[in-house]
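For reference, the chains in residue letters:
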Amino acid sequence: MELKIYLNILLKKWWIVLPTFLITLTSGILFTYTQIPVYSATATYLVVPGSSFDTVGSFANGLDMLGRRQEIATTFAEIATSKRVKNLAMKTLALGSGQDYSISSNLRAGTNIIEITVDGPNPDIVQQLANTIGSTVEQYVQGLYEVFILVPLDEASTPVNPISPNYALNMALAAVLGLVLGGGLAFLSEYLETPLSSSTIGVNIVDDETGVYNKEYFLRRLSEEMVRARRNRYPLSLALMRIDDLTLIRGNDSSRVRSELLRQV
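Reading the values: rules and limits
- The residue numbers shown here count from 1 along each chain, following its written sequence.
- For a predicted model such as this one, the threshold for reporting local features is a pLDDT of at least 70, and the threshold for listing and counting side-chain atom pairs is 80 or more; totals across whole chains, interfaces and linings nevertheless cover every residue.
- Computation of side-chain values: all heavy atoms of the structure, hydrogens and water removed.
- Of the two site types, the cavity is a set of points on a 1 Å grid over the protein atoms alone where a 1.4 Å probe fits but cannot get out, and the pocket is an open set with protein on both sides within 12 Å along at least five of seven lines, each lined by residues with an atom within 4 Å of a point.
- Grid points are joined across faces, edges and corners, and a volume is the space filled by probe spheres set on the points.
- Classes in brief: Ala, Val, Leu, Ile, Met, Phe, Trp, Tyr, Cys and Pro nonpolar; Asp, Glu, Lys and Arg charged; the others, Gly included, polar.
- Only DSSP runs of H or I covering at least 4 residues are called helices, and only runs of E covering at least 2 are called strands; the numbering of each starts at the N terminus.
- In this analysis, two residues are considered to be in contact whenever any of their non-hydrogen atoms come within 4.5 Å of each other.
- Under the pairing criterion, centres of Phe, Tyr and Trp rings, with the six-membered ring standing for Trp, must be within 6.5 Å; the plane angle then separates stacked pairs below 30 degrees from edge-to-face pairs above 60, leaving the rest tilted.
- Should DSSP find at least two bridges between two strands, the strands are taken to pair.
- Where helices are involved, their axes are fitted lines through C-alpha atoms of the stretch in contact, as for all axes, and angles between N-to-C directions lie from 0 to 180°.
- Given a helix with a known number of residues, its expected span is that number minus one, times 1.5 Å.
- Classification of residues uses two cut-offs on accessible area relative to the type maximum, computed with a 1.4 Å probe and protein chains only: under 20% is buried, over 50% is exposed, and between them is partly exposed.
- Working note: the arc is built from the helix axis to C-beta atom directions.
- Distance thresholds for patches are 9 Å for like charges and 5 Å for nonpolar side chains (Val, Leu, Ile, Met, Phe, Trp, Tyr), applied to residues having over 30% relative accessible area and no salt bridge.
- For the area figures, the Shrake-Rupley method with a 1.4 Å probe applies, and any residue is considered shielded solely by the protein chains shown.
- In what follows, salt bridge is the name for a side-chain nitrogen of Lys or Arg lying within 4 Å of a carboxyl oxygen of Asp or Glu.
- Note that the term roughly parallel is reserved for angles under 35 degrees, roughly antiparallel for angles over 145, roughly perpendicular for angles of 65 to 115, and oblique for everything else.
- A clockwise turn of the near helix away from the far one marks a right-handed crossing, whereas an anticlockwise turn of less than a right angle marks a left-handed crossing.

The next point concerns the layout of surface pockets. Quantified by volume, the second largest pocket comes out at close to 340 Å³. Along its surface, the second largest pocket is lined by T210, V212, Y213, L240, M241, I243, L262, R263 and V265. Across the lining of the second largest pocket, the residue classes break down as seven nonpolar, one polar and one charged.

Dropping the structure here:
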């Protein structure tokens with residue numbers, strides 16, 4: 001019953017729901033297609049023991065370094081995101097400041113593999129920049145530690161599809177948001193209209209003869225109470241009283257007497 005009531009409100013207020021839905025969906029489309037696409041490219045490198053580990057003189061120091069393998073790999077990953085490395089790579093590619101491109105690095109859990117990721121608006125540049133930063137870090141960390149070096153694993157490839165914006169997701173979110181806003185405004189409009197209609201027809205819900213609520217208002221209130229009782233799962237009782245043979249009251253003042261009798265009952 002409640003679902004039918006809600007559907008009737010939405011159908012009744014379609015002139016609110018439909019424009020709100022279309023405006024929200026159109027805004028989502030415009031916002032999505034006016035955004036600059038962002039592409040992402042990732043190059044991977046491996047932290048491995050260097051050739052100096054094989055020498056007898058560095059063996060004792062190498063054992064200590066092996067215990068710090070995770071720490072050293074993390075240091076290499078942090079170096080990849082430094083301003084110095086970025087500026088050297090940008091200078092190599094003659095790209096200027098590169099403010100539109102962001103660099104991040106990640107050490108895969110439980111491994112010595114470092115991922116160097118570059119995000120930016122140009123798919124060719126992000127691919128070149130990811131590989132250049134990797135080679136720059138590879139050269140920079142040479143000699144930094146005697147035991148470990150950085151070697152390339154997989155070069156970054158040119159991305160085909162942008163990572164953002166997500167057109168399908170944005171369209172779906174805009175459609176859902178439009179329906180929610182339209183439905184909310186429809187229910188709000190119905191809620192605001194209810195007290196106004198009650199106040200304007202207040203005299204029409206009362207029977208002139210008896211002074212009690214008339215049949216139309218009684219049936220509407222009964223329907224509301226039945227819905228409320230079903231929703232809250234409590235019993236609802238209805239008592240009816242019938243008064244017959246009022247026509248037996250006769251006389252010049254019979255109409256007033258009947259009305260007064262009904263009012264008293």
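Among the structural elements, R263 can be located in helix α9 (residues 254-264). Sequence separation between R263 and V212 is 51 residues, and the spatial gap between their C-alpha atoms is 7.7 Å. Residues contacting R263, with those up to four places away along its chain left out, are D208, E209, T210 and G211.

One pass over the full model with this rule turns up two aromatic pairs. Between Y213 and Y217 the ring centres are 4.5 Å apart and the planes differ by 50 degrees, which places this aromatic pair in the tilted class.

So, about the sheet that holds strand β1 (residues 39-49). Judged by pairing direction, the sheet is antiparallel, and its four strands sit side by side in the order β2-β3-β1-β4 without closing on themselves. Each having just a single partner strand, β2 (102-107) and β4 (148-154) make up the two edges of the open sheet. Recorded for the sheet is a direction-independent mean angle of 25 degrees between the axes of neighbouring strands. Relative to strand β3 (residues 113-120), β1 runs antiparallel, the two sharing eight bridges. When the sheet's bridge partners are listed, A43 is paired in β3 with I116. Its contacts with the sheet place helix α6 (residues 123-140) against β1, β2, β3 and β4, and it is angled at close to 20 degrees to β1.

The end-to-end C-alpha distance of helix α2 (residues 14-33) is 28 Å, a good match for the 28 Å that 20 residues give at a rise of 1.5 Å each. Among the residues making up α2, those that are buried are I16, V17, T20, T24, G28 and T32. Buried positions in α2, seen along its axis, are confined to an arc of 110 degrees and lie on one side of it. Facing away from the buried side of α2 by more than 90 degrees, the exposed set consists of W14, I23, L30 and Y33.

This part covers unusual backbone geometry. It is generally the case that most residues other than glycine have a negative phi and that most peptide bonds are trans. Put simply, S164 and P165 share a cis peptide bond, and its omega is 0 degrees. The residue P165 is located in the loop between β4 and α7 (167-200) in this model. Phi angles above zero are rare outside glycine, and R233 is one such case at about 55 degrees. Among the structural elements, R233 can be located in the loop between α8 (215-232) and α9. Classification of R233 by relative accessible area gives exposed; the value is 79%.

Here we come to a nonpolar patch on the surface. Residues W14, W15, L18 and L22 make up a contiguous nonpolar surface patch of about 450 Å² in total accessible area. For W14, the position within the fold is in helix α2.

Moving on, we come to the packing of helix α5 (residues 83-93) against α6. Remark: α5 packs on α6, axes separated minimally by 9 Å, with the N-to-C direction vectors making an angle of 120 degrees. Between α5 and α6, the angle falls in the class oblique. Handedness of the crossing formed by α5 with α6: right-handed. Contact with α5, carried on its side by R84, V85, L88, A89, M90, T92 and L93, involves Q128, L129, T132, I133, T136, V137 and Y140 of α6 and no other residues of that element. Here the contact of α5 with α6 is built from residues that sort into nine nonpolar, four polar and one charged.

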